[in-house]
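# Observations on the model geometry
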Amino acid sequence: MAHNLLQGKRGIIFGALDENSIAWKVALRAKEEGASIVLTNAPIALRMGKIKELADLCNAEIIPADATSIEDLTNLINKSVEVLGGKLDFMLHSIGMSPNIRNEKSYGDLNYDWFLKTLDISALSFHKMMQVAEKQDAMNEYGSIVGLSYIAAQRVFPHYTDMAQAKATLESIARSYGHRFGKLKKVRVNTISQSPTMTTAGQGIDGFDAFYNFADQLSPLGNASADECADYTITLFSDLTRKVTMQNLFHDGGFSYMGISEELMEMMANKK
Ligand SMILES: NC(=O)c1ccc[n+]([C@@H]2O[C@H](COP(=O)([O-])OP(=O)(O)OC[C@H]3O[C@@H](n4cnc5c(N)ncnc54)[C@H](O)[C@@H]3O)[C@@H](O)[C@H]2O)c1
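Treat the numbers as computed from the prediction; the structure is a model and nothing was measured.

This part is about helix H4 (residues 70–84). For H4, with 15 residues, the first-to-last C-alpha span of 21 Å sits near the 21 Å given by 1.5 Å per residue. For H4, the elements touching its buried residues are strand E1 (10–14), strand E2 (36–40), strand E4 (88–93) and helix H6 (112–135). Directly after H4, the chain includes Gly 85, whose backbone phi takes a positive value near 85 degrees.

Right, here's the structure in full:
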């Protein structure tokens, strides 16, 4: 149900690949709540994904950008302000990729060039998009910038390998840039730490089904879906959360504060 929470607001959504992508759901919800948006993704993802379908549904322009390229980001942000007819009120960073995970490298056998790529794509790009937006003076006061994170930033999930460091860096950037952008322009910066979610990026991780089911069992409310993540993101883009900044916000059905559940205790007790 729509509440016009983003009526008259303008924003950029990074990272919608297909209908399972979290960014895809956020784009649809943002549109439903009255926002005007620009969609962006890396040129290769634009060729392989289905973003054109989403653009038609959202009446949105697509502007390609490799999120690691300052040149692409500068072009994207300048053009978005032009196309949308004014400064931006929100940006979603929904980007993650590890060449080490893609090539099934274990944590003891990481390729360091790929490690740097993981950090650049999945974390530094968050800093880059904010630095460009600041330099272009592209954000409105009380604008809101959200990045998507995962609890492997704090706890160990072995198959998540170098993405754990990327997420820790992403959350740290949210605090440091949140401080800077808050002082400069009253812009808010937060990360949402989302439950395991069935998407292309999620399912690329070895053993994903096991930790999806584990988290679902342990969380009193069960895993949060991509649609629920979109709802939560909309609240952060809205004016109802104007004093929330520099936070890593767990959106995980309670998983992050659990030790063990009755169901898992029972499973363990039956194990001889
Ligand atoms: N799926 C999960 O279980 C889960 C859980 C917590 C957090 N997250 C995070 O949510 C975010 C979105 O992932 P998703 O699960 O929707 O998967 P997804 O695969 O649909 O989205 C990842 C996106 O990153 C984009 N991308 C990769 N390299 C890029 C580059 N150089 N420039 C621009 N874009 C680039 C991809 O094209 C893709 O659209 C990621 O940050 C991911 O780590 C996912």
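Attention now moves to the packing of H6 against helix H7 (residues 163–185). At a minimum axis separation of 8 Å, H6 and H7 run at an interaxial angle of 10 degrees. By the angle between their directions, the pair H6 and H7 is classed as roughly parallel. Of the residues in H7, those in contact with Thr 118, Leu 119, Ser 122, Ala 123, Phe 126, His 127, Met 130 and Glu 134 of H6 are Met 163, Gln 165, Ala 166, Thr 169, Leu 170, Ile 173, Tyr 177, Phe 181 and Leu 184. In the contact of H6 with H7, the residues fall into eleven nonpolar, five polar and one charged.

Taken together, the neighbourhood of the ligand is formed by 26 residues, with Ser 21, Ala 45, Gly 96, Ala 201 and Gly 202 sitting nearest. Element by element, the count of residues in the shell around the ligand is highest for helix H8 (residues 200–203), at three residues. Residue classes in the shell around the ligand are distributed as 13 nonpolar, twelve polar and one charged.

With that out of the way, let us pick up the UniProt feature "active site" (unreviewed entry) in the protein chain. With numbering matched to this structure, UniProt assigns "active site" (unreviewed entry) to Tyr 150 and Tyr 160. Once you skip the residues sitting within four places of it in the chain, Tyr 150 turns out to touch Lys 167, Ser 193 and Gln 194. Tracing the sequence through the fold places Tyr 160 in the loop between strand E5 (139–149) and H7. Using a count of 24 C-beta atoms within 10 Å as the deciding quantity, one classes Tyr 160 as buried. Apart from residues lying up to four places away in sequence, Tyr 160 is in contact with Ala 152 and Ile 205.

Strand order in the open sheet formed by seven strands is E3-E2-E1-E4-E5-E6-E7, with parallel pairing between adjacent strands. Every interior strand has two partners, whereas the edge strands, strand E3 (61–62) and strand E7 (248–251), have only one. Relative to the sheet, helix H1 (residues 22–32) contacts E1, E2, E4, E5 and strand E6 (188–194), its axis offset from that of E1 by approximately 165 degrees. Packing of H4 onto the sheet brings it into contact with E1, E2, E3 and E4, and relative to E2 it is tilted by some 150 degrees.

Thresholds, definitions, all that
- Residues numbered from 1 in each chain as written.
- Predicted model: local features only at pLDDT ≥ 70, side-chain atom pairs only at ≥ 80, totals over all residues.
- Helix = DSSP H or I, 4+ residues; strand = E, 2+ residues; numbered from the N terminus.
- Expected span 1.5 Å × (residues − 1).
- Contact = placed C-beta atoms within 7 Å.
- Axes fitted to C-alpha atoms, helices over the stretch in contact; angles between N-to-C directions.
- Parallel < 35°, antiparallel > 145°, perpendicular 65-115°, else oblique.
- Nonpolar A, V, L, I, M, F, W, Y, C, P; charged D, E, K, R; others polar.
- Near = placed C-beta within 6 Å.
- UniProt positions renumbered as here; feature names shortened; annotations may be inferred.
- Buried ≥ 20, exposed ≤ 12 C-beta atoms within 10 Å, placed from the backbone.
- Pairing = 2+ DSSP bridges.

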